[in-house]
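Each chain is listed here by its residues.
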Amino acid sequence: MGMKDKAGKMQEQGKQKTREAQEQAKQRGQQTSQTSPTSQTPQAQQRGQQAQQRGQQAQQRGRQTQERGRQNLDDTEQEMQDRFDQDYDA
């Protein structure tokens, strides 16, 4: 076997390996596209739901705090008004 034959054979093997690698990559790409990115494992879905619940609870606590703040402000204004009335009624 001459050097030219050996080089040609190696070149052909390289091309064949490249084609095989491209085909494998293509198949992996098709498999990846078949699994939707929105399909989650049950654990991931559960974590997402728990995070959503925690967010809702935080919103509720925020609303409650805000309402208490308003109530305290209303109470303070009423107390000031009562004192004013008492001072000027006397």
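In this text the structure is predicted, and so the values were computed from the model without any measurement.

Draft legend 1. Representation of the overall build of the chain. Helices and strands together make up the secondary structure of the chain, namely two helices and zero strands. Sorting the 90 residues of the chain into buried and exposed places 0% on the buried side. Surface summary for the chain: the accessible area is close to 8,700 Å², and the carbon and sulfur share equals 46%.

Draft legend 2. Region of the structure containing the pattern of salt bridges. By the definition in use, this model includes one salt bridge. With its nearest N and O atoms 3.4 Å apart, the salt bridge here joins arginine 19 to glutamate 12. A relative accessible area of 46% places arginine 19 in the partly exposed class.

Draft legend 3. Representation of the packing of aromatic side chains. Under the definition given, this model contains one aromatic pair. Relative to tyrosine 88, the ring of phenylalanine 84 lies with its centre 4.6 Å away and its plane at 45 degrees, an arrangement referred to as tilted. Note that phenylalanine 84 and tyrosine 88 are positioned in helix H2 (residues 42-89) at a spacing of four residues, about one turn of the helix. For phenylalanine 84, a relative accessible area of 44% gives the class partly exposed.

Draft legend 4. Here's a closer look at a negative patch on the surface. Among the surface-exposed residues, Asp74, Asp75, Glu77, Glu79, Asp82, Asp85 and Asp89 lie close enough to one another that they form a single negatively charged patch. Turning to its location among the elements, aspartate 74 is positioned in helix H2.

Criteria and thresholds
- Residues numbered from 1 in each chain as written.
- Predicted model: local features only at pLDDT ≥ 70, side-chain atom pairs only at ≥ 80, totals over all residues.
- Heavy atoms only, no water.
- Helix = DSSP H or I, 4+ residues; strand = E, 2+ residues; numbered from the N terminus.
- Buried < 20%, exposed > 50% of the residue type's maximum accessible area, 1.4 Å probe, protein only.
- Areas by Shrake-Rupley, 256 points an atom, 1.4 Å probe, with all protein chains shown as cover.
- Salt bridge = Lys/Arg side-chain N within 4 Å of Asp/Glu carboxyl O.
- Phe/Tyr/Trp six-rings, centres within 6.5 Å; stacked < 30°, edge-to-face > 60°.
- Patch = residues over 30% accessible without salt bridge, like charges linked within 9 Å, V, L, I, M, F, W, Y side chains within 5 Å.
- Lys, Arg positive; Asp, Glu negative; His and termini not counted.
- Charge placed at Lys NZ, Arg CZ, Asp CG, Glu CD.

Any link to function would need more than the numbers given here.
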